[in-house]
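Each chain, letter by letter, is given below.
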Amino acid sequence: MSIVTVQLGQCGNQIGREVFNTLCSDVHGTHGLCSKKENESYHDACKERFFREEESKVPIARAVLVDMEPKVISQTLSIAAKSGCWKYDDQSHFCQKQGSGNNWANGYSVHGPRHKEVIMNLIQKEAEKCDRLGGFFTIMSMAGGTGSGLGAFVTQCLRDAFPSSFILNHVIWPYGTGEVIVQNYNSVLTLSHLYQSSDALLVHENDVIHKICAQLMNIKQISFRDVNQVIAHQLGSVFQPIYTAEGGLHYIRNPLGDLMETLVPHPEFKMLGLRNIPQMPENSLAYSTFSWPGLIKHLRQMLIANAKMEEGIDWQVRPPCLGSSIPSSHSTNKPLHFNTSIANLVILRGKDTHSVDLGSFQDPSLYTSWLNPQDAFNAWKTPRAFNKYEKSAALVSNSQFLLKPLDNVVGKAWNMFASKAYIHQYTKFGIEEEDFLDSFTALEQVISSYTIL
């Protein structure tokens, strides 16, 4: 089944391009470390999922590019075309001249309704080119105006136009120190609206990726491109073809559907986080060896201690002893800093995946008491290596990982709202104080639900 990617705003378009680059270089790499037959079926599954081929024989990304200013889209189109490996469809983009000025209300209430028909027509055309549509993957930032405001509007339109298709929103969480003075308002409005229309939100935090670039990739002068390449690598490690069953014969047909089925058992809990191991500069790979038990041990500790990368994990955090508390007081007896999960998915790629012991992820103390650990944990595997890593593991988890950042953003936005700072910039585009209050209420509910796990 095919996925249509919708790239929204500057951030969405730049990350989208890196994602397609990563998928393409992985598929064409000579580092598969598996049989020729295996490599061919992997290649075909990836192509069907993310690309289509027409007369030119150069794969065309199944994507629609949207931005309110032309510069980034024209750069994105030309860089992709120059790669010679893949390209975007010349007709599948929409841009304007004026931008959204980092104002969520401008993107949501003005640009959205004004350009709805053209944007939705482009998406409809792209969807019709899929033999079987698996769903939509939108990429957007939360801090600005176009990605967040227009992105939230387009997601609602997608939900109305394709009620039974899966929608996964990939959201970039802004730097804590701030990129835009009103980023907390934009973030609160984006998240609350996406929570209504999306099936799940896959979140990457800029601060975390920045740290990975500095500490694991040893990059001295970190650019947006460096950050985007790490994000693209992590996304590729989840979305490239994979088997759901041991010794599977067919790659999973519907990646978005299978992802939702394994990770989102309840509509109140839609926040997904992603961790990868190992991550290192390409020139260090040749000198590194990894064992599966070591990788799995680190990945599990990253999960329970809520560490976003394998450096600086707190090894003191331990799961609570089951039976030491009555279910009603379940949450109060949790050790400090312990990250409780609703559901986890481990994705293993490369050599000897069949022999990996994942029993430690089935420990009931990792999960909320209302889900059976057998249902809460899943593992997908393939012998085909990913992106030059002989062995690599990704963990997608629906857990309390975002509680602190979310609480932070809502708190900062509320403080500004209480003093009525910048509200006039939103009301002039039709977003009233009541809309803000609805958004705060919705997110307080999300925070409360995740807190009591």
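This write-up is about the structure you can find in this document.

Calculation notes
- Residues numbered from 1 in each chain as written.
- Predicted model: local features only at pLDDT ≥ 70, side-chain atom pairs only at ≥ 80, totals over all residues.
- Heavy atoms only, no water.
- Helix = DSSP H or I, 4+ residues; strand = E, 2+ residues; numbered from the N terminus.
- Buried < 20%, exposed > 50% of the residue type's maximum accessible area, 1.4 Å probe, protein only.
- Contact = heavy atoms within 4.5 Å.
- Pairing = 2+ DSSP bridges.
- Right-handed = clockwise from strand over helix to strand, strands pointing away.
- Phe/Tyr/Trp six-rings, centres within 6.5 Å; stacked < 30°, edge-to-face > 60°.
- Axes fitted to C-alpha atoms, helices over the stretch in contact; angles between N-to-C directions.

## Thoughts on the side chain of Thr76
Part 1 of the argument: Mapped onto the elements, Thr76 comes out in helix H3 (residues 70-83).
Part 2 of the argument: Using a relative accessible area of 0% as the deciding quantity, one classes Thr76 as buried.
Part 3 of the argument: If we ignore the near neighbours within four places in the chain, the residues touching Thr76 are Gln7, Asn13, Arg17, Leu65 and Tyr88.

## Considerations on the pairing of strand S8 (residues 200-205)
Part 1 of the argument: Most of S8 is tucked away: six of the six residues are buried.
Part 2 of the argument: Of the two faces of S8, the one holding Ala200, Leu202 and His204 and the one holding Leu201, Val203 and Glu205 are both buried throughout.
Part 3 of the argument: Where strand S7 (residues 166-173) and S8 come together, six bridges link them in parallel fashion. Among the inter-strand pairings, Trp173 is bridged to a residue of S8, identified as Glu205.
Part 4 of the argument: Following the chain from S7 across helix H6 (residues 183-197) to the adjacent parallel S8, one finds a crossover that is right-handed.
Part 5 of the argument: Taken together, the three bridges between S8 and strand S9 (residues 271-277) define a ladder with parallel strand orientation. Across the sheet, Leu201 pairs through a bridge with Met271, a residue of S9.

## Looking at the environment of Ala305
Part 1 of the argument: In this structure, Ala305 sits in the loop between helix H11 (292-304) and strand S10 (341-350).
Part 2 of the argument: Given a relative accessible area of 14%, Ala305 falls into the buried group.
Part 3 of the argument: Expressed as a C-alpha distance, the spacing of Ala305 and His337, which sit 32 residues apart in the sequence, is 6.3 Å.
Part 4 of the argument: Apart from residues no more than four positions distant in its own chain, Ala305 is found in contact with Asp314, Val317 and His337.

## Observations concerning the packing of aromatic side chains
Part 1 of the argument: Within the structure shown, the criterion is met by 23 aromatic pairs.
Part 2 of the argument: Measuring from ring centre to ring centre gives 4.5 Å for Trp104 and Tyr108, while their planes differ by 15 degrees; the resulting arrangement is stacked. Separated by four residues within a single helix, Trp104 and Tyr108 lie in helix H4 (residues 104-128), roughly one turn from each other.
Part 3 of the argument: Exposure remark for Trp104: the relative accessible area of 0% places this residue in the buried category.
Part 4 of the argument: Look at Tyr108 and Phe153: their rings are 5.9 Å apart centre to centre, the planes differ by 85 degrees, and that puts the pair in the edge-to-face class.

## Observations concerning unusual backbone geometry
Part 1 of the argument: Across the junction of Ile277 and Pro278, the peptide omega takes the value -10 degrees, indicating a cis bond.
Part 2 of the argument: At Asp352, a position not held by glycine, the phi torsion is positive, near 55 degrees.
Part 3 of the argument: Looking at where Asp352 falls in the secondary structure, it is placed in the loop between S10 and helix H12 (373-376).
Part 4 of the argument: On the basis of relative accessibility, which here comes to 38%, the residue Asp352 falls in the partly exposed class.

## Remarks on the sheet that holds S10
Part 1 of the argument: In space, the 10 strands of this open sheet follow the order S5-S4-S1-S6-S7-S8-S9-S12-S10-S11, with mixed pairing throughout. In the strand order of this sheet, the two ends are held by strand S5 (93-95) and strand S11 (377-382), each with one partner. Neighbouring strand axes in the sheet, compared pairwise and without regard to direction, differ in orientation by 20 degrees on average.
Part 2 of the argument: Packed on one face of the sheet, helix H2 (residues 36-50) meets strand S1 (2-8), S10 and S11 and runs near 50 degrees to S1.
Part 3 of the argument: In the packing of H11 onto the sheet, contacts are made with S9, S10 and strand S12 (391-399), and the angle to S12 comes to roughly 20 degrees.

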